[in-house]
Amino acid sequence: MKTKAKDLGINLVESFSEFKEFKNIDRATMMRVLEDVFRNILKKKYGNDANFDIIINTETGDIEMYHLRLIVEEGEVEDPNLQITITEALTLEPDYSVGEDCIQQVFLDDFGRRAILNARQALMSRIIELEKDELYKKYKDKRGEIITAEVYNVWKREIMVLDDEGNELVLPKEQLIPRDIYKKGDAIRAVIHDVNMDKGSPKIILSRTSPEFLERLFELEVPEILDGLITIKKIVREPGERAKVAVESYDDRIDPVGACVGVKGARIHGIVRELRNENIDVINYTTNTNLYIQRALQPAAIARIDINDTKGTADVHLESDQVSLAIGRGGQNIKLASKLTGYQIEVYRLANQHLDEDDVDLDEFLDEIDEWIIEEFKKIGLDSAKAVIKTPLEDLMRRTELEEETIIEVQKILRTEFED
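If you're wondering where the values come from, they're calculated on a predicted model, not measured in any experiment. (Residues numbered from 1 in each chain as written. Predicted model: local features only at pLDDT ≥ 70, side-chain atom pairs only at ≥ 80, totals over all residues. Heavy atoms only, no water.)

**Observations concerning the overall build of the protein**
When helices and strands are counted, the protein shows 15 helices and 15 strands. For the protein, whose C-alpha radius of gyration is 37 Å, the value lies well above the compact-globule estimate of 22 Å for 420 residues. Referenced to the eigenvectors of the C-alpha coordinate spread, the extents of the protein come out at roughly 120 × 50 × 40 Å. Expressed as a percentage of its 420 residues, the buried residues of the protein come to 45%. Contacts spanning at least 24 positions in sequence make up 60% of the contacts within the protein whose residues lie at least 6 apart. (Helix = DSSP H or I, 4+ residues; strand = E, 2+ residues; numbered from the N terminus. Rg over C-alpha atoms; globule rule 2.2 N^0.38 Å. Buried < 20%, exposed > 50% of the residue type's maximum accessible area, 1.4 Å probe, protein only. Contact = heavy atoms within 4.5 Å.)

Below, the structure written as structure tokens:
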């Protein structure tokens, strides 16, 4: 049994050699945990650990424990944990005398098999919990930072990646750009989006769709932003499709838009590639609401803007050939412009404009489309067949009182005119 207990003691020391390699735990913390574990062993065996010294060698994994007691005459021992008789002390060291301190080494195998097994289990539990806490603290302070990691596993709803220390991070499918395709072993860049505890374990969530990711990419590519010469006021995105970035410079000598785009687009091209060819509009920020909305709706040319600050709306009037530019494909341009400026923007086609020679006035369809339906389109500045056809279904549903089926049927009727 003695040999087996000794072997267990060696195993416990070897386990420390493994644990001390944990990536998120510093040496001082590791020593404190180990000392706590061994002091608990001492308390269970001796009832008190006050007169014990524990020495841990963090390089070799050697653990030494010493029991300190005062040497007294025979029959004068009141507490065996604090005192030792001269007779017993002399068996340890022949030069001891009464009144001196006796130092006796305590060995792991003296505690017995069960105590050592419990110690090992306690050590493993403490280290694992400590590792979780340290990982949480490490990433909690890094929210919003960009990280490059390696794809470890690809699942249906998320991707597991490993950082440079082997920590497991999660990139949910909804935080991926639609055209993102990754396989095991690929390098991936993302921003640390959220850090929380899930059932006692830290969960680090990454994102490639958040505005913060685009902001960090600009900081990497544009030194003036990192130096504070240019400020990003706001970013709005349709990930993988389009983004609008409002920038401002407090130095009149610096063109913030030009600096962000770079010579021949050199700076922004790298960002666009990272975002799977996402179109990025960089505009000058201004406190002039009218001008800000005009810039946000580029490349459309605005004829007039009616702003209602109380309702937070802006009615934008444009020439007929500018309406589709203002709205954008699938309504992206107007949607992002609204988010960027904070105003609900409505686009209206200027009335009584000369129609394209190939276009047809909506009133020409009164025999096929109810008048009240045509009036709904006219209310939002759409008084020609092409204007209704070119406007996205989603935008028409939002801006009129018409049902989806009605709009689809109307557009079908109008398209037939041009097919004929």
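**A word on the confidence of the model for the protein**
In the predicted model, the protein carries a mean pLDDT of 86, and the fraction of residues at 70 or more is 91%. Across residues 1-10, confidence stays below pLDDT 50; counting only partners more than four residues off in sequence or on other chains, it has ten contacts. (pLDDT = per-residue confidence, 0-100.)

**Topic: the pairing of strand β9 (residues 201-207)**
With five of seven residues buried, β9 lies mostly within the body of the structure. Bridge analysis of strand β8 (residues 187-198) against β9 gives seven bridges, and the strand direction is antiparallel. When the bridges of β9 are listed, asparagine 196 appears paired with lysine 203. Between β8 and β9, which pair antiparallel one after the other, the connecting turn spans two residues, and lysine 199 there sits at a positive phi close to 55 degrees. (Pairing = 2+ DSSP bridges.)

**Digging into the sheet that holds strand β15 (residues 344-349)**
One open sheet accounts for three strands, arranged β13-β14-β15; its pairing is mixed. The sheet terminates laterally at β13 (304-308) and β15, the two strands that pair on one side only. Between one strand and the next, the sheet's axes are offset by a mean angle of 20 degrees, whatever the strand orientation. Two strands pair when backbone bridges link them, and β13 and strand β14 (residues 313-318) are joined in this way by five bridges, in the antiparallel orientation. From the neighbouring strand, isoleucine 305 faces β14, where its bridge partner is valine 316. Seen against the sheet, helix α9 (residues 289-296) touches β13, β14 and β15 and runs at an angle of roughly 120 degrees to β13. (Axes fitted to C-alpha atoms, helices over the stretch in contact; angles between N-to-C directions.)

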